[in-house]
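# Structural description and commentary
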Amino acid sequence: MSSLSSDVWKDICDKFSNAQNLTDVESRKDPENDPFRSKYKARELLREIYCSLKSFEAGDGEEESGGESGEQRPTEEPVDRQREDVFGQGLSGDSTAGLRAAKLGAVEYYLGVNHIDTEELSAGQEHLMNCMKLLERYRVSSENVSLFIHVRNQLGILWAGRDETETAQGFLETAEAIYQRYMKEDGSPPTDMTEYFATEEKTHQERSKKFELAYTHTMYYLAQVYKNLGQTERAATYCHSTLQRQLQLNQYNPMEWALNAATLSQYYITKGRYMEGRHCLSAATVISGLAGEVPSEAAAQESETESERREQLRQKRAEIARCWIKYCLNLLQDSKKLLEDNIGELDIDRQEELKRARRLEEEEEEKGRKSALLFGSEDTFDLIASLEEKVHCFFPLDFTEARAVFLVGQNYVTQAKEYFQMDGYVTDHIEILQDHSSLFRSLAFFEEDLERRCKMHKRRVDMLEPICNDLNAQYYLLIRRQLMFELAETYNEMMDQKLTLANRQADSQSLDNHSIKKFNHLCASSAKYFQMFLDSLRSPEGKLPEHLEEEVLRPALVARFRVARLYSKLICSLPSAQLENLNKSLENYKYVVQYCESHPEATATVETELELSKEMVGLLPLKINRLKARMAVNN
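Residues numbered from 1 in each chain as written. Predicted model: local features only at pLDDT ≥ 70, side-chain atom pairs only at ≥ 80, totals over all residues. Heavy atoms only, no water.

## Comments concerning the overall build of the protein
Each helix and strand counted, the protein has 22 helices and zero strands in total. Taken over C-alpha atoms, the radius of gyration comes to 34 Å for the protein, far larger than the 26 Å a tight globule of 635 residues would show. Looking at the protein as a whole, 46% of its 635 residues are labelled buried. Contacts spanning at least 24 positions in sequence make up 72% of the contacts within the protein whose residues lie at least 6 apart. Working note: accessible area of the protein is about 32600 Å², and carbon and sulfur atoms make up 46% of it. (Helix = DSSP H or I, 4+ residues; strand = E, 2+ residues; numbered from the N terminus. Rg over C-alpha atoms; globule rule 2.2 N^0.38 Å. Buried < 20%, exposed > 50% of the residue type's maximum accessible area, 1.4 Å probe, protein only. Contact = heavy atoms within 4.5 Å. Areas by Shrake-Rupley, 256 points an atom, 1.4 Å probe, with all protein chains shown as cover.)

As structure tokens, then:
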């Protein structure tokens, strides 16, 4: 565009600068009843720039190479036709014609983004595709590579927003390939698009940061695309790399970054990759601290801005605390799975075997897996490492190690409950209590002393029982069912442990009345909550469903089986009471058998319980008849 005079060119640059200011700054001040006022003004300036550039192009005798900015014509199919070789084919991107096309393409790009921002998606797509068409004749160069990537990023976002995930994937993967090949073959900091309409060039450092940030966006959007495609491992890898790059470029919001890192930790946890999960959570905690102190209540009352900031910081830090709880809970639960025998108790031989293996493998594994996963900068690296040292990432193999993990989790329970209180956050608060209960349950597995183990389960009852009984059954039915079932199982575990203790004492002494009363109380309490769960399945008329829905099928049949077992365990001195309990036990065992006979598809969900129920349906009538015979003789 050699025919542009310096005055005309300065006018174009001024208009572009004003358009950028309207878009980035002034638009934030637009009134609610006219939210796009500044962006519409910016659009008019961009159109004027486009017309000026086109008029000089026509004066130079160049061919039309893009759509008019005012009247958009329909574009071809939204596919990336330059995926084959944008480096080796076409005209030079650094030529006069190539630079002219890049400038026109940049205006089309900014017009496309403008229309998308104002919710005119079809028009935005047309402008972005026009930008693609302008560039397709030219090879990638340092002058246009940034535009090549930016336009594909925007098209990727656009199509992802329409749930056209594979179309979005195509644009974004091409952007990624362009970046990688450019860095391999050239690598110099490329011209930024804003420099097309600026009187001063950016420094190499500024160019490099802008370019790297564009690619960081590519990786971020690809992470979302892969997640939506169900490619979770690939999504996690891209998310991790995005977070690393944001820290390196110092381009991030501390709380958003921290929450993303904490969320990523949950993926690693589900895959058993606790080292990476711990690293993400430690980094999340450290980076969230960079957002500053939580404003006081007094400050929040005086300022709406401080009130919003207080709410945001407290909520997001509480959410990070909840991620820590899940880390500790899953670590304990996975360790329990490794260590338990076929009856759910600690396998001592397996424990010793794992301890020997860990001593041999731990050091090498930690070095190898951490090398490529570290977050942080010079300012934060030591803080992150220090926090990591406070909690294990290896499976706890004895009570001391398990307790250390438990205490970390319990500390984060306290932090999370400070924000997610019962008043206002009922569901969240109860979920945190359930996690706290599960922490106690997991720790109890490692405790060898049965009395102390019972006390841990009693803590679970104390935290869940009042909530269960106070919750409104109409509004919180599903949560109440969960709590009923957990309370029933907790009392059942306590009963089993008391039974084990009783069996140990049987050789040396008989059970006293206090022990019998305690045992029966645990049995009755467990049966009560299982029955409450079953009663919650009744219709408004009080009838139990003939067909159990899939989500309650196993819990309902297991509850019946447990109730049957509990009634048979009650210790009674009166034969009549014993007979009544045995009949109730038989009735519930029969229900399990008969339901599975009439609903064969249910058999697979309760194979073990069904087998035992059939056995008891055969044995209990004999026991009942013997008891009746004794009662008849005594009478």
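## A word on the pattern of salt bridges
On inspection of all chains with the given rule, the structure shows 34 salt bridges. Glu-48 is paired through a salt bridge with Lys-15; the nearest N and O atoms lie 2.9 Å apart. Of this pair, Glu-48 sits in helix H2 (residues 37-59) while Lys-15 sits in helix H1 (residues 6-24), and the two are 33 residues apart along the sequence. Look at Glu-48 and you get partly exposed, because its relative accessible area is 36%. Taking the relative accessible area as the measure of exposure, Lys-15 reaches 18% and is therefore buried. The closest approach of N and O atoms between Arg-453 and Glu-345, which form a salt bridge, is 3.3 Å. Of this pair, Arg-453 sits in helix H17 (residues 450-470) while Glu-345 sits in the loop between helix H12 (304-339) and helix H13 (348-370), and the two are 108 residues apart along the sequence. Residues participating in the shared-partner salt-bridge network are Arg-441, Arg-460, Glu-486 and Glu-493. (Salt bridge = Lys/Arg side-chain N within 4 Å of Asp/Glu carboxyl O.)

## Focus: the packing of helix H19 (residues 513-535) against helix H20 (residues 550-569)
Close contact between H19 and H20 brings their axes to 9 Å; oriented N to C, the two are set at 155°. On the basis of their axis angle, the class for H19 and H20 is roughly antiparallel. Both H19 and H20 take part in a crossing whose hand is left-handed. Together, Phe-519, Cys-523, Ser-526, Ala-527, Phe-530, Gln-531, Phe-533 and Leu-534 of H19 and Pro-555, Ala-556, Ala-559, Arg-560, Arg-562, Val-563, Leu-566 and Lys-569 of H20 make up the contact between the two elements. Here the contact of H19 with H20 is composed, by residue class, of eleven nonpolar, two polar and three charged. (Axes fitted to C-alpha atoms, helices over the stretch in contact; angles between N-to-C directions. Parallel < 35°, antiparallel > 145°, perpendicular 65-115°, else oblique. Left-handed = near helix turned anticlockwise from the far one by under 90°. Nonpolar A, V, L, I, M, F, W, Y, C, P; charged D, E, K, R; others polar.)

## Description of empty space enclosed by the protein
Rolling a probe over the atoms, with the probe sized like a water molecule, indicates the empty space that remains. Going through the model one piece at a time under the given rule, you end up with two cavities of 30 Å³ or more. Computed from the structure, the largest cavity encloses a volume of approximately 50 Å³. Here the residues of the lining of the largest cavity sort into seven nonpolar, no polar and one charged. (1 Å grid on protein atoms, 1.4 Å probe; cavity = no way out; pocket = protein on both sides within 12 Å on 5 of 7 lines; lining within 4 Å. Points joined across faces, edges and corners; volume = space filled by probe spheres on them.)

## Concerning unusual backbone geometry
What you tend to see is this: most non-glycine residues have negative phi, and most peptide bonds are trans. The backbone phi angle of Glu-119 is positive, close to 65°, even though this residue is not glycine. Within the fold, Glu-119 resides in the loop between helix H3 (96-117) and helix H4 (121-135).

## Quick notes on the confidence of the model for the protein
Averaged over the protein, the pLDDT score is 90; the fraction of residues at 70 or greater is 91%. Low pLDDT (under 50) marks residues 62-76, which in the prediction has 37 contacts with non-local residues, meaning those over four places away or in another chain. (pLDDT = per-residue confidence, 0-100.)

## So, the layout of surface pockets
Estimates place the volume of the largest pocket at around 1400 Å³. As for the largest pocket, its lining consists of 44 residues, of which Arg-441, Glu-489, Asn-492, Glu-493 and Arg-562 are closest to the centre. For the lining of the largest pocket, the secondary-structure elements that each account for two or more residues are H12, helix H16 (426-446), H17, helix H18 (477-506), H20 and helix H22 (607-634). A total of eleven residues in the lining of the largest pocket trace back to one element, the largest contributor, which is H18. The residue inventory of the lining of the largest pocket, partitioned by class, reads 14 nonpolar, eleven polar and 19 charged. A volume near 600 Å³ is recorded for the second largest pocket. Around the second largest pocket, the lining comprises 22 residues; the ones closest to its centre are Gln-20, Tyr-109, Tyr-110, His-150 and Met-193. Per-class residue counts for the lining of the second largest pocket are nine nonpolar, nine polar and four charged.

## With respect to the packing of aromatic side chains
Under the definition given, this model contains 28 aromatic pairs. Taken together, a centroid distance of 6.3 Å and an interplanar angle of 90° make the contact between Tyr-196 and Phe-197 edge-to-face. Looking at Tyr-196, the relative accessible area reads 4%, which means it is buried. Among the aromatic side chains, those forming a connected cluster through ring pairs are Trp-9, Phe-16, Tyr-109, Tyr-110, Tyr-196 and Phe-197. (Phe/Tyr/Trp six-rings, centres within 6.5 Å; stacked < 30°, edge-to-face > 60°.)

## Description of helix H9 (residues 254-270)
Across its 17 residues, H9 extends 25 Å between first and last C-alpha, which sits within 8% of the 24 Å expected from 1.5 Å per residue. Among all positions of H9, only Met-255, Trp-257, Ala-258, Ala-261, Ala-262, Leu-264, Ser-265, Tyr-267, Tyr-268 and Ile-269 are buried. On its buried side, H9 packs onto helix H8 (232-249), helix H10 (274-289) and H12. Structurally, the start of H9 carries an N-cap: the backbone nitrogen of Met-255 is 3.0 Å from a side-chain oxygen of Asn-253. (Expected span 1.5 Å × (residues − 1). Polar contact = N/O pair within 3.5 Å; in protein donor to acceptor, adjacent residues only side chain to side chain.)

## A look at the environment of Gln-246
Within the element layout of this structure, Gln-246 appears in helix H8. Looking at Gln-246, the relative accessible area reads 18%, which means it is buried. Between the C-alpha atoms of Gln-246 and Glu-212, which are 34 residues apart in sequence, the distance is 9.5 Å.

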